[in-house]
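For reference, the chains in residue letters:
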Amino acid sequence: MNLTISLTTARQLAVASQRLSGPEETAVLPLLQQLNCLQIDPLNVVARSPLLVLWSRLGSYDTAEFETLLWDDKTLFEYWAHAASIVLSADYPLHRPRMINFARGDSKWEKRVGEWLEANQPFRQYILNELAQRGPLLASEIENRIVEPWPSSGWTNNRNVTVMLTFLWERGEIMVSRRFGKGFGLKKQWALAEHHLPQWDDHNPWPQERIVYEAAQKSLRALGVGTAKHIENHFIRGRYPGLAGVMEKLAGDGRIHPIHISANGQTLPSDWYIHSDALPLLEQLQAGSWQPRTTLLSPFDNLICDRKRTETLFDFYYRSEIYTPKAKRQYGYYVMPILHGENLIGRIDPKLDRKTKKLHIYAAFAEPDTPLTPDVGAAIRRAIEEMAQFLGANEIVYGERIPHSWQLSP
């Protein structure tokens, strides 16, 4: 197949594949089966990132459905995708190699962790025995029986129980069985993996090529269009050994197809691909069925988690300024991009005051060439109001650093 599409169509494919166009989604599980993962982040400036990523696609949904899938049905579990994430239990075989190989490599970090775990084998066994005998436990319910404390120049220094639990989680020996606190809280309850997901207790690892073959397809379906590097950076980031050969096999099997993207008379560099499952969507878009939507994105949204791809495909430069001194920030502490149709047209600097139930929009910024019209402003204002409703805010307070012609404030 010799496919060539415009940059606009490529963006539409990416946005639609992320379920950010057309009518809002109506159920969590089918959505997650397309996205593959939701990044977890401790920041709660507006809401926890997994909840915001779902809101951008579902609107004001009942978070209880998500928590039921995660904690009761155990259709989802927490593990490492492109970052610490919520992933599908059905994808357990794709994550198993990282569990098996954790801290068993030759890098300085892996050797350090491996030696620490070996030195603290009695402590490790004590935790596993406690979970086996007592069931799920909080970190505070586990004694610190460390043999050799964990040394660090950061916040983990001497936090021995937390560090050991984290490493056992990465090894796949234990899992987060529940979180406590409103809105996907930070307090974790831990359980043995064999108790939490017993159906995978006797799982035989898949061959490496099969894992890459399946994971690469999941990555490309979620991306819409992408290069091998984009596939490598998405979903199980950095865990696609032999990807070049697998890509050749996928192409030979008719599962993926080369595609060229034309922008301003030039073809975007690198070899781009589309999955065969996305071809009907491409036909619909080329027939004019594009249904744009305006929404706000978590800083850790799947659409923009690969910052370099976001620059290439959307011409949108985005970096977190959380650790930038306040006086040097260009946009703000916690900035949410604005998706308007297939374009990222700007960003807002929001914060939810949970005591007063006020959603503050300290500033809004437009990208170059973004229409500063009342119609665009009205679409942004509706998105902000819909987010405020989801958050339970009673009032929206707008700051002064907002394009006047957008007319966001009443």
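Described in the following lines is the structure provided in the data block. All of these numbers come straight from a predicted model, not from anything done at the bench. (Residues numbered from 1 in each chain as written. Predicted model: local features only at pLDDT ≥ 70, side-chain atom pairs only at ≥ 80, totals over all residues. Heavy atoms only, no water.)

### Some thoughts on the packing of aromatic side chains
Applying the stated criterion across every chain, the model contains 15 aromatic pairs. Judged by centre distance (5.8 Å) and plane angle (80°), the ring pair of W116 and F167 falls under edge-to-face. You can see W116 sitting in helix α6 (residues 108-119) and its partner F167 sitting in helix α8 (residues 160-170), a full 51 residues away along the chain. The buried category is assigned to F167, whose relative accessible area is 5%. Measuring from centroid to centroid gives 6.3 Å for F316 and Y318, while their planes differ by 15°, and the two rings are stacked. Judged on exposure class, the residue F316 and its partner Y318 are both buried. A network of ring pairs unites the aromatic residues F102, W109, W116, W150 and F167 as a single cluster. (Phe/Tyr/Trp six-rings, centres within 6.5 Å; stacked < 30°, edge-to-face > 60°. Helix = DSSP H or I, 4+ residues; strand = E, 2+ residues; numbered from the N terminus. Buried < 20%, exposed > 50% of the residue type's maximum accessible area, 1.4 Å probe, protein only.)

### Notes on the layout of surface pockets
Each pocket or cavity is described by its volume, and for the largest pocket that value is around 1,400 Å³. W80, A84, T166, W169 and E170 are, among the 43 residues lining the largest pocket, the residues nearest its centre. Going through the elements one at a time, β3 (76-80), α5 (92-101), α6, α8, β6 (174-180), β7 (187-192) and α10 (208-223) are the ones with two or more residues in the lining of the largest pocket. Ranked by residue count, the leading element in the lining of the largest pocket is α8, at seven residues. (1 Å grid on protein atoms, 1.4 Å probe; cavity = no way out; pocket = protein on both sides within 12 Å on 5 of 7 lines; lining within 4 Å. Points joined across faces, edges and corners; volume = space filled by probe spheres on them.)

### Considerations on the sheet that holds β3
The sheet built from three strands is open, its strands ordered β2-β4-β3 with antiparallel pairing. Bordering the open sheet on either side are β2 (37-39) and β3, each of which pairs with just one other strand. Within the sheet, the average angular offset between the axes of one strand and its neighbour, ignoring direction, is 30°. Relative to strand β4 (residues 84-88), β2 runs antiparallel, the two sharing three bridges. Its bridge partner lying in β4, Q39 is registered against S85. On top of the sheet, helix α3 (residues 49-58) reaches β2 and β4; it is set at about 125° to β2, its chief contact. The strands that helix α4 (residues 63-72) touches are β2, β3 and β4; relative to β3, the one it contacts most, it runs at about 75°. (Pairing = 2+ DSSP bridges. Axes fitted to C-alpha atoms, helices over the stretch in contact; angles between N-to-C directions. Contact = heavy atoms within 4.5 Å.)

### Details of empty space enclosed by the protein
On inspection of all chains with the given rule, the structure shows one cavity of 30 Å³ or more. For the largest cavity, the calculated volume is near 70 Å³. As for the largest cavity, its lining consists of 14 residues, and the residues nearest its centre are Y318, R319, S320, E321 and V335. Per-class residue counts for the lining of the largest cavity are nine nonpolar, two polar and three charged. (Nonpolar A, V, L, I, M, F, W, Y, C, P; charged D, E, K, R; others polar.)

### What to know about the pattern of salt bridges
Scanning all chains against the criterion turns up 14 salt bridges. Linking E130 and R134 is a salt bridge whose minimum nitrogen-to-oxygen distance equals 2.6 Å. With a gap of four residues between them, E130 and R134 both fall in helix α7 (residues 121-134), about one helical turn apart. Overall, E130 belongs to the buried group, its relative accessible area being 15%. The partly exposed category is assigned to R134, whose relative accessible area is 45%. The salt bridge partner of D253 is K249, with a shortest N-O separation of 3.5 Å. Residues joined by salt bridges that share partners form a network here, namely R124, R171 and E173. (Salt bridge = Lys/Arg side-chain N within 4 Å of Asp/Glu carboxyl O.)

### Some thoughts on the pairing of strand β14 (residues 343-353)
The buried fraction of β14 amounts to eight of the 11 residues, a majority that puts the element mostly inside the structure. In the sheet, strand β13 (residues 336-340) pairs with β14 via five bridges, with the strands oriented antiparallel. Bridge pairing in β14 links I338 to G346. Between β13 and β14, which pair antiparallel one after the other, the connecting turn spans two residues, and G341 there sits at a positive phi close to 70°. Inspection of the sheet shows β14 paired to strand β15 (residues 358-366) by eight bridges, in the antiparallel sense. Bridging across to β15, I348 finds its partner in A364. The turn joining β14 and β15, which pair antiparallel and follow one another in sequence, is formed by four residues; a positive phi near 60° is taken by K357.

### Examining unusual backbone geometry
One non-glycine residue, N158, lies in the positive phi region at around 65°. The residue N158 is located in the loop between β5 (137-138) and α8 in this model. The phi dihedral of N264 is positive, around 55°, even though this residue is not glycine. Residue classification places N264 among the exposed residues on the basis of a relative accessible area of 83%.

### Topic: helix α14 (residues 307-314)
Taken as a whole, α14 has its buried residues at R307, R309, T310, L313 and F314. Summarising the axial view, the buried residues of α14 lie within an arc of 155°, below the 170-degree limit, and thus occupy one face. Packing partners of the buried residues in α14 comprise α1 (7-17), α10, α11 (228-233), β11 (272-275) and β14. (Arc of directions from axis to C-beta.)

### A look at the environment of Q189
Structurally, Q189 is set in strand β7. Look at Q189 and you get buried, because its relative accessible area is 18%. When the C-alpha positions of Q189 and L137 are compared, they lie 5.3 Å apart, and in sequence the two are 52 residues distant. Ignoring any residue separated from it by four or fewer positions in sequence, one finds Q189 in contact with P136, L137, L138, M175, V176, S177, R178 and F180.

Function cannot be read off these values alone, since they describe shape.
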